[in-house]
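# Structural overview
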Amino acid sequence: MIVLSCKNICKSYGINTILKDVTFSINEGDKVGIIGSNGEGKTTLFKILSKEITQDDGEVFIDKNKSLGYLAQHLALDSYKTIYDEMLIVFEDLQRLERKITELEAKMNEPYDENNASYHEKIIKDYGTAQDLYQNRGGYTYKGEISRVLKGLGFTEDDFDKLISTLSGGQKTRVALCKLLLLNPDILLLDEPTNHLDLEAIEWLEEYLKTYKGTVIVISHDRFFLDSVTTATFQVINGHVNCYNAPYTKSLELMKKDYEAKLKAYNLQQTEIKRQEAIIEKFRSFNREKSIKAAESREKALDKMEIVDAPDKEKTASKIKFEASVKSGYDVLHVEKLAKSYGEKKLFDNLSFDLKRGEKIALIGENGRGKTTLFNIIMDKVKSDSGVKVLGVNVNVGYYDQEQSNLDPNKTILNEVWDDFPELTTSELRGFLGSFLFRGDDVFKEINKLSGGERCRINLLKLMLSKSNLLLLDEPTNHLDIPSREALEEAILSYDGTLIVISHDRYFLNKVINRILELEEHGVNEYLGNYSYYTEKKKNPQRFETYEGLASGKTKTQLNEEKKKKKALEKEAKAKQNEIKNIETNITQNEEALEKLQEELCKEEVYSNPVESERVNKEIKNLQETIEKLYEQWEEISS
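From a predicted model like this one, the values you see are computed outputs, not experimental measurements. (Residues numbered from 1 in each chain as written. Predicted model: local features only at pLDDT ≥ 70, side-chain atom pairs only at ≥ 80, totals over all residues. Heavy atoms only, no water.)

We now examine the side chain of asparagine 469. By the element assignment, asparagine 469 lies in the loop between helix H14 (452-466) and strand E15 (470-474). For asparagine 469, the residues in contact, after removing those within four places along its chain, are Ala324, Val326, Lys327, Ser328, Asn394, Val395, Asn396, Tyr495, Gly497 and Thr498. (Helix = DSSP H or I, 4+ residues; strand = E, 2+ residues; numbered from the N terminus. Contact = heavy atoms within 4.5 Å.)

Looking now at the environment of phenylalanine 432. On the secondary structure map, phenylalanine 432 appears in helix H13 (residues 426-435). The exposure class of phenylalanine 432 is partly exposed, given its relative accessible area of 27%. Through-space distance from the C-alpha of phenylalanine 432 to that of glutamate 366 is 36 Å; in sequence the pair is 66 residues apart. Among residues more than four places away in sequence, those in contact with phenylalanine 432 are Leu424, Leu461, Met464 and Leu465. (Buried < 20%, exposed > 50% of the residue type's maximum accessible area, 1.4 Å probe, protein only.)

If you trace the 6 strands from one edge of the open sheet to the other, you get E5-E6-E7-E3-E8-E9, paired in mixed fashion. The two strands at the open ends of the sheet, each matched to only one other strand, are strand E5 (68-71) and strand E9 (240-244). Here the average twist between neighbouring strands, direction ignored, is 15°. Note that strand E6 (residues 187-191) and strand E7 (residues 215-219) share 5 bridges and pair parallel. Residue pairing for E7: leucine 188 is matched across the bridge by valine 216. This element, helix H9 (residues 248-286), spans strand E3 (31-35), strand E8 (232-237) and E9 of the sheet and lies at about 120° to E9. (Pairing = 2+ DSSP bridges. Axes fitted to C-alpha atoms, helices over the stretch in contact; angles between N-to-C directions.)

Its 12 residues give helix H7 (residues 199-210) an end-to-end C-alpha distance of 17 Å, which sits within 8% of 16 Å, the value for a rise of 1.5 Å per residue. When H7 is considered as a whole, its buried residues turn out to be Leu199, Ala201, Ile202, Trp204, Leu205, Glu206, Tyr208 and Leu209. (Expected span 1.5 Å × (residues − 1).)

Attention now goes to helix H6 (residues 169-183). Helix length check: H6, at 15 residues, gives a terminal C-alpha distance of 21 Å against a target of 21 Å (1.5 Å per residue), a fit within 8%. By the criterion of burial, H6 is predominantly enclosed, with 11 of the 15 residues buried. Of all the residues in H6, the buried ones are Gly170, Thr173, Arg174, Val175, Ala176, Leu177, Cys178, Lys179, Leu180, Leu181 and Leu182. Looking at the buried side of H6, the elements it contacts are E5, helix H2 (83-88), helix H5 (142-152), E6 and H7.

With respect to the helices and strands, the residue aspartate 198 is situated in the loop between E6 and H7. Between the alpha carbons of aspartate 198 and glycine 329 there is a distance of 33 Å; along the sequence they are 131 residues apart. Not counting the four nearest positions on each side in its chain, aspartate 198 is found in contact with Gly365, Glu366, Asn367 and His504. For aspartate 198, the side chain forms a polar contact with the main-chain nitrogen of alanine 201, separated by 2.9 Å. (Polar contact = N/O pair within 3.5 Å; in protein donor to acceptor, adjacent residues only side chain to side chain.)

The sites that carry the UniProt feature "coiled-coil region" (unreviewed entry) are, in the present numbering, residues 87-114, 249-276 and 552-633. Here residues 87-114 runs as 68% helix and 0% strand, with 45 Å between its end C-alpha atoms. When the span residues 249-276 is considered, its composition is 100% helix and 0% strand, and the gap between its end C-alpha atoms is 41 Å. (UniProt positions renumbered as here; feature names shortened; annotations may be inferred.)

Two elements, strand E1 (residues 2-13) and strand E2 (residues 16-27), share 8 bridges in a ladder whose sense is antiparallel. Its bridge partner lying in E2, isoleucine 9 is registered against valine 22. Once E1 ends, the chain turns through 2 residues before running back antiparallel as E2, passing glycine 14 with a positive phi of about 65°. Inspection of the sheet shows E1 paired to strand E4 (residues 57-62) by 5 bridges, in the antiparallel sense. Note that in E4 the partner of lysine 7 across the bridge is glutamate 59.

Running from N to C, H5 and H7 cross one another at 130°; their axes reach a closest spacing of 9 Å. Regarding the angle of H5 to H7, the classification is oblique. Along its contact with H5, which presents Glu145, Arg148, Val149 and Gly152, the element H7 presents Ala201, Trp204 and Tyr208. The residue inventory of the contact of H5 with H7, partitioned by class, reads 4 nonpolar, 1 polar and 2 charged. (Parallel < 35°, antiparallel > 145°, perpendicular 65-115°, else oblique. Nonpolar A, V, L, I, M, F, W, Y, C, P; charged D, E, K, R; others polar.)

Summed over the entire model, instances satisfying the criterion amount to 14 aromatic pairs. Pairing phenylalanine 283 with phenylalanine 286 gives two aromatic rings, centres 6.5 Å apart and planes at 50°, and the pair type is tilted. With a gap of 3 residues between them, phenylalanine 283 and phenylalanine 286 both fall in helix H9, about one helical turn apart. The partly exposed category is assigned to phenylalanine 283, whose relative accessible area is 22%. Relative to tyrosine 399, the ring of phenylalanine 375 lies with its centre 6.2 Å away and its plane at 85°, an arrangement referred to as edge-to-face. Within this pair, whereas phenylalanine 375 is found in helix H11 (residues 371-378), its partner tyrosine 399 is found in strand E14 (residues 397-400), the two being separated by 24 residues in sequence. (Phe/Tyr/Trp six-rings, centres within 6.5 Å; stacked < 30°, edge-to-face > 60°.)

As structure tokens, this is what we get:
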């Protein structure tokens, strides 16, 4: 059943046409990925669907019985509320029911008056109705669901009471996403939902959306996420929307075939038009009445011909090429027992690893674990509390800052780059800027007027011009569209220097990385492969033990000791799972018992007997408290 459709949607701003003749339909339960280069109109399309703006022409149909929720890239929240209180707004109807049930329980505990039996019967009936409604709407589980979603998207219980006004922009986006998921709309519109999430939270969101009962439409440049969640891909290109019934990677082949077929049809028609025009010109050259009529007849046929447009082609990506001006020594970086804390917040300790020339490694870990801080320690911008950091011979560090804080907002693009590289001639600088898609008068735009993607391109250009032999890249794919990400990947693969990258882009990590360091509070875990290897190793720790042991130079005795430790940890984890299972069984049993007591309370022989009524009410209250404690235990063990 179609729940949403567009027919010939058009939208322009001044002389710039953003969308033209956009037509598509989406069925209930579909999971659709919207892709396209930056500036193609993806967010504009979402704003039209959510009725934030109106289209210039065309029709939008949304099933009137379906609710629609939209997570924009920027959302307003109540800054005076805590994170948890903001979530409770979603369940205001349940909170009203809770207050009503409490009031009815108080009235039920009043002495029974035989002369006012109808009043007591009404109280009992209202109580039963309210209890049924409360249970059916998830009254006994909604607090657990709030906790589950908040924790799934990276918040700890300590964060629940934080005021929204104290949060960073990324944290506010996560709060908004949590709230939207709890609202559970029939049609979910998500614009770059994986921005500001760590890997664990992204994976949680993927699993959540894969089992989501409603329709999901998501704008994303995260190719791994799109492959995992979506079943269809809509490509926004040059104002049009091309629809493919496949997830991202599989849709690439369909896009290629579609483009080739359209190009062939276009070229054939152009050839035929030129042939007909040549014949018409020939007939006219004869200058006879019969030949002139023949020429006019062919011209009319040409005029009536339905013109095949040239197929839409993706915008050219930036031309990135990293190269080192000086070859570093073989030992590029030595880190030994580094530790760093801010007040009582410990980021890490006992951090040790070595980096050799030509290695391309990824640094991953939960948000707030200190990955960016480690980069700053390597660059001597921040001092470690203890430990050793040694850069090798002839090592020149180049840094890509995800916050773009190294850019002067008041400078023009031209001056921002030229001030750092004054040795470049005007033509050389213009050439480099042009290869990064800054052409003509664009170079005179001020930094503060640029989009996130444009600022990324400037920083990548400056990094390229630095010719450093050790690159530290902090979330380099954020704000980049897919063509730009692919250009960056190719540049890194051909780079002859050394690389450490912080990234949550798993597609990117799979393509360019050959070693992963997982940063934890007490050091790092090392994985000798790309992201897929890392996830497989996490699921099945013993699968690659021999390979990793030999690669790290460990003895058989050391490997056996490590196996013993791992078995002990696995045993502990299994015991934890069994405990969780037992608690879940207890919750189910207690909830069933609670339901029976609520049914018992509605019987005349109970509610008409004050003693019995009071007994049942007390048992209900005790059971409710028990269930709440069980949920608290479940949350504590699960976290």
